[in-house]
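Summary of structural features
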Amino acid sequence: GGLAMFVGGPLAGAMIRRFDPRYVLAIGLTLSAIGLYWNQFLTADSSFNELFWPQVFRGAGLIMSMVPSNFIALGTLPPIKLPNATGLVTVCRNLGGAIGLAALNTMRLNYTNLHNQELAAALDPTRPEVQAYLQQAEANFAALGNGDPAAMAIAQLTRRMQIESAVMTFNNLFLVMAVAFTLMLFMVPLLKRPPLAGAPQAAH
């Protein structure tokens, strides 16, 4: 992700000098949405290969959203207003980030509780699949000389449930963020078009 941002930053800077920055912003939002949506199909067994391309899309998309958004926010203002505007944009970005993180953390707790309840309800000890899992785990712990293999088997099943619940929760959060980035795409046409970066300014 960091390498993708390292490459995407200069690319975004070059693109806003040649094209409407709103187009570059739309590309960045699209790449971020794709990467986030791709991430929501992860499992507890996902490896580097499953993580690589979503990270690349998300990293490149984030930096290609940040560069043109800053330029659009400040590029239409006269130089005398830039210092105050820069400070205001920074405050708004930090405040928005704090609110977003708080919202995601609240959703994480809610989704975790929801999935724990769903999975716990499905792990009925009378189900043949659950019995087979516990018997196999108990036999493995007994072979290792554990003093209470039955309790360890239940603990292992509980831990596996918690892992699956965490993966499902983060998949939900990735989907929420993908939807948020997609909705932001519809706001791009409402932005005022700034002059191209590097374009000559009118004399005053």
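The structure under discussion appears in the preceding block.
Quick caveat: nothing in here was measured; it's all calculated off a predicted structure. (Residues numbered from 1 in each chain as written. Predicted model: local features only at pLDDT ≥ 70, side-chain atom pairs only at ≥ 80, totals over all residues. Heavy atoms only, no water.)

It is worth spelling out the pattern of salt bridges at this point. Within this structure, the stated rule accounts for three salt bridges. A salt bridge links Arg-127 to Glu-129; its shortest N-O distance comes to 3.7 Å. Owing to a relative accessible area of 35%, Arg-127 belongs among the partly exposed residues under this scheme. The class of Glu-129 is exposed, set by a relative accessible area of 51%. (Salt bridge = Lys/Arg side-chain N within 4 Å of Asp/Glu carboxyl O. Buried < 20%, exposed > 50% of the residue type's maximum accessible area, 1.4 Å probe, protein only.)

Here we come to the environment of Thr-126. Here Thr-126 shows up in the loop between α4 (82-122) and α5 (128-143). For Thr-126, a relative accessible area of 57% gives the class exposed. With 42 residues separating them in the primary sequence, Thr-126 and Asn-84 have C-alpha atoms 66 Å apart. (Helix = DSSP H or I, 4+ residues; strand = E, 2+ residues; numbered from the N terminus.)

What follows is about the packing of helix α2 (residues 21-39) against helix α6 (residues 149-185). Relative to each other, α2 and α6 sit at 160 degrees, their axes nearing to 8 Å. Between α2 and α6, the angle is such that the two are roughly antiparallel. For α2 against α6, the interelement crossing comes out left-handed. Contacts between α2 and α6 involve Ala-26, Leu-29, Thr-30, Ser-32, Ala-33, Leu-36, Tyr-37 and Asn-39 from the former and Asn-171, Phe-174, Leu-175, Met-177, Ala-178, Phe-181, Thr-182, Met-184 and Leu-185 from the latter. Here the contact of α2 with α6 is built from residues that sort into 12 nonpolar, five polar and no charged. (Axes fitted to C-alpha atoms, helices over the stretch in contact; angles between N-to-C directions. Parallel < 35°, antiparallel > 145°, perpendicular 65-115°, else oblique. Left-handed = near helix turned anticlockwise from the far one by under 90°. Contact = heavy atoms within 4.5 Å. Nonpolar A, V, L, I, M, F, W, Y, C, P; charged D, E, K, R; others polar.)

The end-to-end C-alpha distance of α6 is 54 Å, a good match for the 54 Å that 37 residues give at a rise of 1.5 Å each. Taken together, the buried positions of α6 are occupied by Pro-149, Ala-153, Leu-157, Met-161, Ser-165, Val-167, Thr-169, Asn-171, Leu-173, Phe-174, Ala-178 and Phe-181. (Expected span 1.5 Å × (residues − 1).)

Nonpolar side chains collect at one region of the surface, where Ile-34, Tyr-37, Trp-38, Phe-41, Phe-48, Phe-52, Trp-53, Leu-175, Val-179, Leu-183 and Phe-186 lie side by side and expose about 1200 Å² of accessible area between them. Within the secondary structure layout, Leu-183 lies in helix α6. (Patch = residues over 30% accessible without salt bridge, like charges linked within 9 Å, V, L, I, M, F, W, Y side chains within 5 Å. Areas by Shrake-Rupley, 256 points an atom, 1.4 Å probe, with all protein chains shown as cover.)

Moving on: the nonpolar core. Ranked by size, the top nonpolar core spans 10 residues in total: Leu-25, Leu-29, Ala-33, Leu-36, Leu-42, Ile-72, Phe-174, Ala-178, Phe-181 and Val-188. The set of elements that each furnish at least two residues to this core consists of α2 and α6. Among the elements that make up this core, the one with the highest residue count is α2 (four residues). In this structure Leu-29 touches Ser-65, Phe-181, Met-184, Leu-185 and Val-188, once residues within four positions along its chain are discounted. (Core = buried A, V, L, I, M, F, W, Y, C linked by side-chain atoms within 4.5 Å.)

This next bit is on the packing of aromatic side chains. Tallying each qualifying case throughout the model produces four aromatic pairs. When the ring of Trp-38 is compared with that of Phe-57, the centres are 5.7 Å apart and the planes differ by 65 degrees; the resulting orientation is edge-to-face. Within this pair, whereas Trp-38 is found in helix α2, its partner Phe-57 is found in helix α3 (residues 48-75), the two being separated by 19 residues in sequence. Take Phe-57: its relative accessible area is 24%, and that puts it in the partly exposed class. Taken together, a centroid distance of 5.0 Å and an interplanar angle of 85 degrees make the contact between Phe-52 and Trp-53 edge-to-face. Classification of Trp-53 as partly exposed rests on a relative accessible area of 46%. Each residue in the set Phe-48, Phe-52 and Trp-53 is aromatic and connected to the rest through ring pairs, giving one cluster. (Phe/Tyr/Trp six-rings, centres within 6.5 Å; stacked < 30°, edge-to-face > 60°.)

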